[in-house]
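Structural description and commentary
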Amino acid sequence: MDPNNRGPEENGRDHDGFEEDGMPQRQSREPLTPDFGLQKPQQARTVQLIAGDLLLTVNPVDGSEVEPCPPGRQPEAPVRHTATERADRERAAAPSVPPGPPGPQLPLLERQELRERLVRLLARGRSVRVTGPAGSGRTALLNAVAADCADLAPDGVVRLSGHKRTATDLQYALFEAVHRAPSHRPGREELLGLIRGIGAVVVLDDLEFGGTGLDELLDATPECAFVLATTPDVAAPGPDSHLEELFLTGLGRSASIDLLEKVVERSLTEDEANWAGDLWFESEGLPLRFVQAGALLRHQDLQRDPEAFDAYGSAAPPAPEDVPAPPLPSLGEGAAPAVLLASRLSEAARETLRFAVALGGEVPHQAHLPALVGDTHADAALGELAGCGLLSPAGPRYRLAAGVVAQLEAGGYGEGAADRARTAAQHYAWWAGHPSVTSERVVAEADAMLAALAQLVPGDRAGQASVAVLLARSASPAFAAGMQWGAWEKALRMGQEGARIAGEVAEEAYFHHELGVLALCTGHLERARAELEASIGMRGALADKSGAVAGRRALALVADRSGGPLPGGRAPAGEELAAARYEEAASPPAGIPAALPLFPRQPVSAETTAVVSREDTPVRRGPAFLRGARRNLVGAGAGALLVAVLGTVVALGTTSGGEEPDSRNVTTEQSADEDDGENGFPAEEPTDGAPAKSGKPAEGTGSPGPSGQATPSADATPSAGEPDPGSTPTTDDPTSGEPSTPSGPTKSATKSPTKSPTESPSSPSPSSPTPSETASESPTPTPTDTETQTQPSNSDSASGPTLDTTADDGAA
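Worth saying up front: this structure is predicted, and the values here are computed from it rather than measured.

Cut-off values and rules
Residues numbered from 1 in each chain as written. Predicted model: local features only at pLDDT ≥ 70, side-chain atom pairs only at ≥ 80, totals over all residues. Heavy atoms only, no water. Helix = DSSP H or I, 4+ residues; strand = E, 2+ residues; numbered from the N terminus. Contact = heavy atoms within 4.5 Å. Areas by Shrake-Rupley, 256 points an atom, 1.4 Å probe, with all protein chains shown as cover. Expected span 1.5 Å × (residues − 1). Pairing = 2+ DSSP bridges. Axes fitted to C-alpha atoms, helices over the stretch in contact; angles between N-to-C directions. pLDDT = per-residue confidence, 0-100. Buried < 20%, exposed > 50% of the residue type's maximum accessible area, 1.4 Å probe, protein only. Salt bridge = Lys/Arg side-chain N within 4 Å of Asp/Glu carboxyl O. Core = buried A, V, L, I, M, F, W, Y, C linked by side-chain atoms within 4.5 Å. Parallel < 35°, antiparallel > 145°, perpendicular 65-115°, else oblique. Left-handed = near helix turned anticlockwise from the far one by under 90°. Nonpolar A, V, L, I, M, F, W, Y, C, P; charged D, E, K, R; others polar. Arc of directions from axis to C-beta. Phe/Tyr/Trp six-rings, centres within 6.5 Å; stacked < 30°, edge-to-face > 60°. Lys NZ or Arg CZ within 6 Å of the ring centre and 35° of its normal.

When its secondary structure is counted, the protein chain shows 28 helices and 15 strands. If you take every contact in the protein chain between residues at least 6 apart in sequence, the share linking residues at least 24 apart comes to 69%. Carbon and sulfur atoms make up 53% of the accessible area of the protein chain, which totals about 43,000 Å².

This brings us to helix H7 (residues 253–264). In an α-helix, one turn spans 3.6 residues; hence positions three or four apart end up facing the same way. The end-to-end C-alpha separation of H7 is 17 Å, in line with the 16 Å expected for twelve residues at 1.5 Å each. Residues of H7 that are buried make contact with helix H8 (270–283) and helix H9 (287–304). Of the residues flanking the end of H7, it is Glu265, one or two places downstream, whose phi is positive at about 65°.

This part takes up the pairing of strand S12 (residues 391–394). With four bridges connecting them, S12 and strand S13 (residues 397–400) associate as antiparallel partners. Bridge pairing in S13 links Ser392 to Arg399. Connecting the antiparallel pair S12 and S13 is a turn made up of two residues, with Gly395 showing a positive phi of about 70°.

The sheet built from five strands is open, its strands ordered S6-S9-S10-S5-S11 with parallel pairing. Looking at the sheet topology across the chains shown, the edges are occupied by strand S6 (157–161) and strand S11 (244–247). Direction aside, neighbouring strands of the sheet carry axes that sit 15° apart on average. Strand direction decides the pairing type here: strand S5 (residues 128–131) and S11, joined by four bridges, are parallel. By the bridge assignment, Val128 is partnered in S11 with Glu244.

Relative to the elements of secondary structure, Leu390 occurs in the loop between helix H14 (381–387) and S12. When the C-alpha atoms of Leu390 and Leu353 are compared, they prove to be 9.4 Å apart, with 37 residues separating the residues in sequence. Among all residues touching Leu390, those that are not within four sequence positions of it are Gln292, Ala338, Leu341, Leu345, Leu353, Leu385, Arg399, Leu400, Ala401 and Val404.

Predicted confidence across the protein chain gives a mean pLDDT of 73, with 61% of residues reaching 70 or more. Element-level mean pLDDT values for the protein chain span from 39 in helix H26 (residues 771–776) up to 96 in helix H21 (residues 505–522). The low-confidence segment residues 655–812 (pLDDT under 50) makes 180 contacts with residues lying over four places distant or belonging to another chain.

Attention now goes to unusual backbone geometry. Cis peptide bonds are those with omega within 30 degrees of zero, and the linkage from Val457 to Pro458 qualifies with -10°. By secondary structure assignment, the location of Pro458 is in the loop between helix H18 (446–456) and helix H19 (464–481). Of note in the backbone geometry, Ser183 takes a positive phi value of approximately 55° without being a glycine. Relative to the helices and strands, Ser183 is located in the loop between strand S7 (179–180) and strand S8 (184–185). One non-glycine residue, Ala543, lies in positive phi territory at about 60°. Of the residues examined, Ala543 reaches a relative accessible area of 67% and is grouped as exposed.

Topologically, Leu555 is positioned in helix H23 (residues 545–562). With 24 residues separating them along the chain, Leu555 and Glu531 place their C-alpha atoms 9.5 Å apart.

The subject of this paragraph is the pattern of salt bridges. One pass over the full model with this rule turns up 28 salt bridges. Arg129 is the partner of Glu245 in a salt bridge, and the nearest nitrogen-oxygen pair spans 3.2 Å. In this pair, Glu245 is assigned in strand S11 and Arg129 in strand S5, connecting sequence segments 116 residues apart. Between Arg399 and Glu362 there is a salt bridge; the shortest N-O distance is 3.6 Å. Placement of the pair is Arg399 in strand S13 and Glu362 in the loop between helix H12 (347–358) and helix H13 (369–373), with a sequence separation of 37 residues.

Below, the discussion takes up the nonpolar core. Within the largest apolar cluster, 60 residues are counted, with the highest numbers of intra-cluster contacts made by Leu56, Val66 and Phe479. At nine residues, H19 tops the list of elements feeding residues into this core. Counting 28 residues, the second-largest nonpolar core is a separate cluster that includes Leu296, Leu340, Ala342 and Ala378.

Before going further, it helps to examine the sheet that holds strand S1 (residues 47–51). Paired through backbone hydrogen bonds, the strands of a sheet run either parallel or antiparallel to each other. Across the sheet, four strands lie side by side as S3-S2-S1-S8; this open sheet has mixed pairing. For this open sheet the edge positions go to strand S3 (65–68) and S8, each flanked by a neighbour on one side alone. Sitting on the sheet, H23 touches strand S2 (54–58) and S3, and the angle it makes with S3 is about 35°.

In this section: the packing of helix H2 (residues 112–123) against helix H3 (residues 138–148). Contact geometry of H2 with H3 gives a least axis separation of 10 Å together with a crossing angle of 50°. In this view, H2 runs oblique relative to H3, as classed from their interaxial angle. Between H2 and H3 lies a crossing of right-handed hand. Here H2 contributes Leu114, Arg115, Leu118, Val119 and Leu122 to the contact with H3, which in turn contributes Leu141, Ala144, Val145 and Asp148. Across the contact of H2 with H3, the residue classes tally to seven nonpolar, no polar and two charged.

Over its twelve residues, H2 extends 17 Å from the first C-alpha to the last, a length consistent with the 16 Å expected when each residue adds 1.5 Å. Within the span of H2, buried status applies to Leu114, Arg115, Leu118, Val119, Leu121 and Leu122. Buried positions in H2, seen along its axis, are confined to an arc of 165° and lie on one side of it. On its buried face, H2 sits against S5, H3, strand S9 (201–205), strand S10 (225–230) and S11. Two residues or fewer after H2 comes Gly125, characterised by a positive phi angle close to 85°.

As a further point, take the packing of H21 against helix H22 (residues 525–541). For the pair H21 and H22, interaxial distance at closest approach is 7 Å and the crossing angle is 155°. As judged from the angle between their axes, H21 and H22 are roughly antiparallel. When you trace H21 past H22, the crossing you get is left-handed. For the pair H21 and H22, the contacting residues are Val505, Glu508, Ala509, Tyr510, His512, His513, Leu515, Gly516, Val517, Ala519 and Leu520 in the first and Leu525, Arg527, Ala528, Glu531, Leu532, Ala534, Ser535, Met538 and Arg539 in the second. A breakdown of the residues in the contact of H21 with H22 according to their chemical character gives twelve nonpolar, four polar and four charged.

Time to look at the packing of aromatic side chains. Ring pairs (aromatic) are described by centroid distance and by the angle formed between their planes. On inspection of all chains with the given rule, the structure shows three aromatic pairs. A ring pair is formed by Tyr428 and Trp431, whose centres lie 6.3 Å apart and whose planes are at 65°; its orientation type is edge-to-face. With Tyr428 and Trp431 both in helix H16 (residues 417–432) and three residues apart, the pair spans about one turn of that helix. Take Tyr428 and Trp431: they sit in the same class, and that class is buried. One Lys or Arg, Arg185, reaches over the ring of Tyr172 and ends 3.6 Å from the middle of that ring. Positioned above the aromatic ring of Tyr510, the side-chain terminus of Arg473 is 3.5 Å from the ring centre.

With that out of the way, let us pick up the side chain of Gln496. Following the sequence through the fold, Gln496 ends up in helix H20 (residues 485–502). Filtering out sequence-adjacent residues up to four positions away, Gln496 remains in contact with Glu508, Phe511 and His512.

Looking now at the environment of Thr423. Relative to the helices and strands, Thr423 resides in helix H16. Along the chain, Thr423 and Phe355 lie 68 residues apart, while their C-alpha atoms are 9.4 Å from each other. Each residue touching Thr423, except ones within four places of it in the same chain, is listed here: Phe355 and Leu372.

Written as structure tokens, this is what we have:
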């Protein structure tokens, strides 16, 4: 379409209306009409957090990015919550009230003395560990103690749940409960400094660790008084923890019967009292067993007279005596009543129990039950389960009570658990990725999501690993944004394992990247380096440029914080680092020799001369001092070769019957041609110190005198590059096309070899001797070839070897 003439588009119409073909324009869909699978593309939700001194950007698409916190983005100092805010947070953190008629308020029997002792110890700042078996009423005792200690500490009472939480998770939970710091997760050192000043009564239920972890938690909070509820199978605290130990036992016989009557809301018959006594002996007086037994008796009353209960389930006057009572449950059914209780519930409640068994005892929130069960009224099932004593609170949620999972699995409720876990995972993956769901709501369902992942990874059925990858991919960014990093790490690790099993390399690379970012934010640099390198390698194989760039940026930050170079010699953005153009040569072991004069008075051997020069080329291998003197050594070898060639020419002229070679064909031009590249000499570039191709003598050498010998200039040490006053100007022969040189071979001690007489373009002629030839017939004995290479002649001694100092002025 022409951008200057849009046609129908100018009036808000396009070709989708089919006006040009005479067809009516397509009507737009109503806003509430479903798209039938054709969903509009949604933008990814990115969240920025301050983690210590790092700025973390949670990116669900390519992976999270981390960088040093820029100036001006540092968060404000955390502020403590007020008393009103603490009360609001405590109500929000409590489990939601199940729908349906409210259950009876049960009293705290035979716990008054223990309750008062706990309050006295906490008032003195002592920490107490309450140990009791599952179902002994630990949660009810802690609730009563928390109400009594509301005004003891300046920061009030903090309720925490230790269910599947580590010491680090609890430290951050304590910080969030006392301080207000939105989108700020302090670093480890900052966290310890902040929680060290917290003065509160911490009520911690369902603690699952002891030993070193518990000692770490207590040492980090010296101003807090803890009351810890745990089971006997948890490890004991260390000897230096200074914890008070209190053991919680079951109720007595009379207290157990009283509790049963409170649950049934009527007096027991003689048979029921005898049955309750046997149950007390079998269950060791655990209150949970009598709550469940009371639910059995209520169901029996409902079967005996359905009209005895109103619409809300409240008990009415007892039925007439002529109505026969149903038989009491057996003692085994009373001790393990879960299956019997489930058989008397609605179908939605039983299906909820099956999902809870599939998730390892985690009960989904009541808002998810209609979608999972397939019943619009399934949210009422949670109230049925809570009224039967099959649920127990775990933080802001509910889970199956102690022993219920094993009883239901024995009753066949575990069949099809894998399929239900897969259904739950698919539902949570869709729900967590929906743009209307906040990270706080996702965090509240973290335990159920992690339980679904644990059931699917590793999975032996087809498609289970892929569903686990989908759930981990959707939930992990929300866990990170909600600052529940313990759940974030678990989801990433299970997602990475699922991606490995399913063969989804791109998703596996994403999980490796996220694990590296998490390790970087928590200060584990070696783990971060390993995870990021694995992610970069996988994304490089997949040609995922944006993901690889994000990984390299994080890896560069890891290298910067660890103090080491970036692995692979790459820049943060992936570019190769440029090689160093200049490098100072290292000093030789014997030190750098002093600078030599241009014309020394005494002959100096080439082997004893070493000049350190600076290279203008990229760094080569080998010792630094050899790299700097390489070109000087080449020049010294060329000078030695020149002396050998000239001596050979003189020797041949003396022994050839008086016929001297024409010295006019002997030139001092550069003799290295293209074939000399094999001997180590460059083909085009002249060697330092050699004369130029124009025939001019090399800088720093004497000019030829009348006798053909090189004579030094008047100044013993002329400056480099200045012409010699006694030199003879060079003229070019227009007929031969070659530059002519003064008569007689110039035996300057330059470091460039010359051509041999056999390589001259013209053969020597036996013409009359020239003045240079007469000078060559001196009575001085002619040295042999070997002597010429090792002993310089008198003329060479007079002039001396010329050193390559013009190119090394800075080094000399």
